[in-house]
Amino acid sequence: YERAFIQRWIDGGNRTCPKTQQKLQNLTLTPNYVLRSLILQWCEEKGIEPPTRSKYEGSSVEVGEDRLAIEALVRNLSCSSLDERKSAAAEIRSLAKKSTDNRMLLAESGAIPALVKLLSSKDPKTQEHAVTSLLNLSIYDQNKELIVVGGAIVPIIQVLRTGSMEARENAAAAIFSLSLIDDNKIMIGSTPGAIEALVELLKSGSSRGRKDAATALFNLCIYQANKVRAVRAGILSPLVQMLQDSSSAGATDEALTILSVLVSHHECKTAIAKAHTIPFLIDLLRSSQARNKENAAAILLALCKKDAQNLACIGRLGAQIPLTELSKTGSDRAKRKATSLLEHLSKLQVL
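Residues numbered from 1 in each chain as written. Predicted model: local features only at pLDDT ≥ 70, side-chain atom pairs only at ≥ 80, totals over all residues. Heavy atoms only, no water.

By the naming in an unreviewed UniProt entry, the protein goes by RING-type E3 ubiquitin transferase and is assigned to Aegilops tauschii subsp. strangulata. Per UniProt, the protein carries the Pathway (unreviewed entry) text "Protein modification; protein ubiquitination." Under the UniProt heading Catalytic activity (unreviewed entry), the entry covering the protein gives this text: "S-ubiquitinyl-[E2 ubiquitin-conjugating enzyme]-L-cysteine + [acceptor protein]-L-lysine = [E2 ubiquitin-conjugating enzyme]-L-cysteine + N(6)-ubiquitinyl-[acceptor protein]-L-lysine." (UniProt positions renumbered as here; feature names shortened; annotations may be inferred.)

Novice: I'd like to hear about the pattern of salt bridges, residue by residue, with values.
Specialist: Summed over all chains, the structure comprises 14 salt bridges. A salt bridge links Lys 86 to Asp 123; the nearest nitrogen and oxygen atoms lie 3.7 Å apart. Pair noted here: Lys 86 is in helix H4 (residues 82–98) and Asp 123 is in the loop between helix H6 (111–118) and helix H7 (124–137), with a separation of 37 residues, a long-range link. Overall, Asp 123 belongs to the buried group, its relative accessible area being 16%. Salt-bridge contacts for Arg 291 lead to Asp 253; the nearest nitrogen and oxygen are separated by 2.8 Å. Separated by 38 residues along the polypeptide, Arg 291 in helix H19 (residues 290–304) and Asp 253 in helix H16 (residues 249–262) bring together distant segments of the chain. Note on Arg 291: relative accessible area 48%, which makes it partly exposed. (Salt bridge = Lys/Arg side-chain N within 4 Å of Asp/Glu carboxyl O. Helix = DSSP H or I, 4+ residues; strand = E, 2+ residues; numbered from the N terminus. Buried < 20%, exposed > 50% of the residue type's maximum accessible area, 1.4 Å probe, protein only.)

Novice: Describe the packing of helix H3 (residues 67–76) against helix H5 (residues 100–108), and please don't skip the residues or the numbers.
Specialist: The interhelical angle for the contact between H3 and H5, taken along N-to-C directions, is 55°, at an axis separation of 9 Å. Judged by the angle between their axes, H3 and H5 are oblique. For H3 against H5, the interelement crossing comes out right-handed. In this structure, H3 uses Arg 67, Ile 70 and Val 74 to contact H5, whose residues at the interface are Leu 105, Leu 106 and Glu 108. Taken together, the residues of the contact of H3 with H5 break down into 4 nonpolar, no polar and 2 charged. (Axes fitted to C-alpha atoms, helices over the stretch in contact; angles between N-to-C directions. Parallel < 35°, antiparallel > 145°, perpendicular 65-115°, else oblique. Left-handed = near helix turned anticlockwise from the far one by under 90°. Contact = heavy atoms within 4.5 Å. Nonpolar A, V, L, I, M, F, W, Y, C, P; charged D, E, K, R; others polar.)

Novice: Break down the side chain of Ser 109 for me, citing the residues and quoting the values.
Specialist: Within the secondary structure, Ser 109 sits in the loop between H5 and H6. Ser 109 gets classed as buried once you look at its relative accessible area, which sits at 16%. A polar contact of 2.8 Å, which involves the side chain of Ser 109, links it to the backbone oxygen of Leu 105. Not counting the four nearest positions on each side in its chain, Ser 109 is found in contact with Ile 70, Glu 71 and Val 74. (Polar contact = N/O pair within 3.5 Å; in protein donor to acceptor, adjacent residues only side chain to side chain.)

Novice: Residue-level account of the state of the cysteines, with values.
Specialist: Inspection of the entire model under this criterion finds 0 disulfides. The structure places no disulfide on Cys 221, whose sulfur is separated from the nearest cysteine sulfur, that of Cys 268, by 7.6 Å. (Disulfide = S-S within 2.5 Å.)

Novice: Please provide a residue-by-residue account of the confidence of the model for the protein, values included.
Specialist: Interpretation of the predicted coordinates at a detailed level should be avoided for regions scoring low in pLDDT. For the protein, per-residue confidence averages 88 on the pLDDT scale, and residues scoring 70 or more make up 91% of the total. Contacts for the low-pLDDT stretch residues 53–65, under 50 throughout, to residues beyond four places or in other chains number 29 contacts. (pLDDT = per-residue confidence, 0-100.)

Novice: Outline unusual backbone geometry, listing residues and values.
Specialist: The phi torsion at His 276 lies on the positive side, around 60°, for a residue other than glycine. Positive phi, close to 55°, is recorded for Lys 306, a residue that is not glycine. By the secondary structure assignment, Lys 306 is in the loop between H19 and helix H20 (308–316). You can call Lys 306 exposed: its relative accessible area is 91%.

Novice: Go over the UniProt feature "repeat: ARM" (unreviewed entry) in the protein, please, and point to the residues and values.
Specialist: Mapped onto this numbering, the UniProt entry annotates "repeat: ARM" (unreviewed entry) at residues 110–152 and 193–235. Helix makes up 72% of residues 110–152 and strand 0%, with an end-to-end C-alpha separation of 14 Å. Between the first and last C-alpha atoms of residues 193–235 the distance is 13 Å; the span itself is 79% helix and 0% strand.

Novice: How would you sum up the environment of Arg 168? Please name residues and give values.
Specialist: Mapping Arg 168 onto the fold places it in helix H10 (residues 165–178). On the basis of relative accessibility, which here comes to 12%, the residue Arg 168 falls in the buried class. Spatially, the C-alpha atoms of Arg 168 and Gln 158 are 9.1 Å apart, while their sequence positions differ by 10 residues. Arg 168 has contacts with Val 159, Leu 160, Arg 161, Gly 163, Glu 200, Leu 201 and Ser 204, leaving out every residue within four places of it along the chain.

Novice: So what about the packing of H10 against helix H12 (residues 194–204)? Which residues, and what values?
Specialist: Close contact between H10 and H12 brings their axes to 11 Å; oriented N to C, the two are set at 125°. Taken together, the axis directions place H10 and H12 in an arrangement best described as oblique. Here H10 and H12 pass one another in a crossing that is left-handed. Within the contact between the two elements, H10 uses Met 165, Arg 168, Ala 172 and Ile 175 and H12 uses Leu 198, Glu 200, Leu 201 and Ser 204. Residues belonging to the contact of H10 with H12 are distributed by class as follows: 5 nonpolar, 1 polar and 2 charged.

Set out below in structure tokens:
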């Protein structure tokens, strides 16, 4: 049978042969290598592109179907030959990207601890394949715990600090994926050098690297203690630069999103004001996209609550006109934030 169709038949609760209706003795699906070989031979004779497959050691392995081939790949992650380790890691990277079944089977076959060891490889490409494989495996939620328990956090952070740019990008993406579990936010944030390495990537990484770092930092900073860690690690400097980056609406949006999380902590709120963000936030009220205007107004309101100095500052910088416009034309949330700020400014003027 075509594997996909017989699998669907079994997954539907059927326990009989669809052709003979006899009871199936077991539900194990075994690849028919003879038939596959005949198909490939026929394709070659007719000059037809053969069915999509992944090649490893001369055999064709349909994605997610051959446990023995995957177990062989996993064994090769620990073999003595660097080229074989690198080749196996590259193949696992590809397999783990393609399907949930592959992610489950690779984890069951012991790929995670072997990949964690390869994070310390001195070969940059092997290291890159290993960290990207772990990123792809972490898409399946149950693997997130296995990766953390397998001791991956510290070596992933080391890759984030010293790996190739692509490895650093994927290390940041892996941290984001793992931090989707709340307990991992605490563990990652408290690991020495973790937030500092993400902040460094946010400052000096490639365009994609900065985006991956911003996403990871936002998610980590949902946990209160990580907000202070991020500010002390110097996150405000690159965020202010991103607010000024008129060439990238995405960078501005990411900076505002992170600031909106940080500003809820008192120490971070004080640091944000001292970083001279208020003039840039007011500029965004005048000229940016609707979503950014909304977030800028929300951050300004948080900065000005119970803080007459910040409130007086936005008054001096002429925030009333763009706030009045926003209170009439913005989204419902933007209108509420703008109206509240205008009320605070009105009270300040009365005083």
